[in-house]
Amino acid sequence: MPNGQHGQQQPPAGGQWYPPEWPDRIRALADGSLTPVAPRLAATVMLLRDTSAGPVVHMLRRRASMAFAGGAYAYPGGGVDPRDEEHSVGWAGPAQADWAARLGTDARTAQAIVCGAVRETFEEAGVLLAGRTPDTVVGDTTGEDWEADRRALVARELSFAGFLDRRGLLLRSDLLGAWARWITPEFEPRRYDTWFFVAALPEGQRTRNASTEADRTVWIRPTEAAAGYDKGELLMMPPTISTLRSLEAYGSAARALAAAGGRDLAPVLARAVLEDGEVVLSWPGHDEFTKRVSPGGAA
């Protein structure tokens, strides 16, 4: 579950979470005393499942004890493992070159991002978007042998390519749809260039809380989760609530996946400027997140 920064505070209006040290870091960026760090590649997956009331999305709640965004809801995800790019991976679906065209990257980077999305979904939710052939998907992945492999992946004792090869599996890139791209603000000490994907829960598989960073997992309708955010009951960061709202229009997981190809993947990067002594924090194209911080105030 990537993003980056330390500290906690109660949400302001709605359930939007801001670290309390943001204002000082924003001012430091504005006066040139803070040099931005390069963002690390990351991927996260909005896993969908159809119900009689419409699609629900799988979300994890970060442990309250976490230094960053404690108590906030997010999707399974995390940073890309360098080996996701370097190793030859069993692959089915659109080729790496096709993904490169969609993501606006080179083929190696595209492979790393897609592998990262599939690997993190398995590591944090126990769901594996892979099969023995290009048109099959593995079934139940909750056995102890699967769990041993999952733990080895988390510990980086096993590469994802090695895991797939040992089990005779192909990554099913056609089961993913690229949805959005958000880059951690320049004033953050830990930054991620995060790609958001959508995917449907494969038949026969089930999610579980496999993340050490989460204390709860839920399947929830996007409209219900957004309403909880608006009431201040569910804590989320801007990328999470924005992508949740964008899912509300789709009546099934298949429709969301079908719509993914037309989604704008222009990166969303927060801007922080000083206006008359006030810090103004905004995400272009997402006015609801604009925040003004008075001198000496907290975000």
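Draft legend 1. Region of interest: the overall build of the protein. Helix and strand counts for the protein come out as nine helices and 14 strands. Of all 299 residues assigned to the protein, the portion counted as buried reaches 53%. Expressed as a percentage of contacts within the protein between residues at least 6 apart in sequence, the contacts between residues at least 24 apart total 71%. When the accessible surface of the protein is totalled, it reaches about 12200 Å², and 48% of it is carbon and sulfur.

Draft legend 2. How the structure looks around the pairing of strand 2 (residues 56–62). The buried count for strand 2 comes to six of seven residues, which makes it a mostly enclosed element. Bridge analysis of strand 1 (residues 40–49) against strand 2 gives two bridges, and the strand direction is antiparallel. From the neighbouring strand, Leu48 faces strand 2, where its bridge partner is Val57. Linkage of strand 1 to strand 2, two consecutive antiparallel strands, is achieved through a turn of six residues, within which Gly54 is found at a positive phi near 110°. Relative to strand 3 (residues 73–74), strand 2 is paired through two bridges, and the arrangement is antiparallel. Along strand 3, the bridge assignment pairs Arg61 with Tyr73.

Draft legend 3. Inspection of unusual backbone geometry at higher detail. Positive phi values are uncommon outside glycine, yet Arg156 reaches one of about 60°. Among the structural elements, Arg156 can be located in the loop between helix 5 (144–154) and helix 6 (160–167). The exposure class assigned to Arg156 is partly exposed, which follows from its relative accessible area of 30%.

Draft legend 4. Broad picture of the environment of Arg208. Counting through the fold element by element, Arg208 comes out in the loop between strand 9 (192–200) and strand 10 (214–220). Measuring from C-alpha to C-alpha, the distance between Arg208 and Ala125 comes to 5.3 Å, with 83 residues separating the pair along the chain. If sequence neighbours within four positions are ignored, Arg208 has contacts with Glu124, Ala125, Gly126, Thr141, Thr142, Glu147 and Arg150.

Draft legend 5. Molecular detail of the nonpolar core. Core analysis: the biggest nonpolar cluster contains 38 residues, and Trp99, Leu128, Phe160, Phe163, Leu171, Leu176 and Phe197 have the highest contact counts within it. Contributions of two or more residues to this core are made by strand 1, helix 3 (96–103), helix 4 (107–125), helix 5, helix 6 and strand 9. The element that contributes the greatest number of residues to this core is helix 4, accounting for eight residues. Discounting chain neighbours no more than four positions away, the residues touching Phe160 are Asp84, Cys115, Val118, Arg119, Leu128, Leu153 and Leu171.

Draft legend 6. Here's a closer look at the environment of Trp146. Mapped onto the elements, Trp146 comes out in helix 5. If near-sequence neighbours (up to four positions away) are discounted, Trp146 is found in contact with Phe122, Leu128, Val138, Asp140, Thr141, Phe163, Arg167 and Leu169.

Rules used in this analysis
Residues numbered from 1 in each chain as written. Predicted model: local features only at pLDDT ≥ 70, side-chain atom pairs only at ≥ 80, totals over all residues. Heavy atoms only, no water. Helix = DSSP H or I, 4+ residues; strand = E, 2+ residues; numbered from the N terminus. Buried < 20%, exposed > 50% of the residue type's maximum accessible area, 1.4 Å probe, protein only. Contact = heavy atoms within 4.5 Å. Areas by Shrake-Rupley, 256 points an atom, 1.4 Å probe, with all protein chains shown as cover. Pairing = 2+ DSSP bridges. Core = buried A, V, L, I, M, F, W, Y, C linked by side-chain atoms within 4.5 Å.

By themselves, these are just geometric observations and shouldn't be taken as functional.
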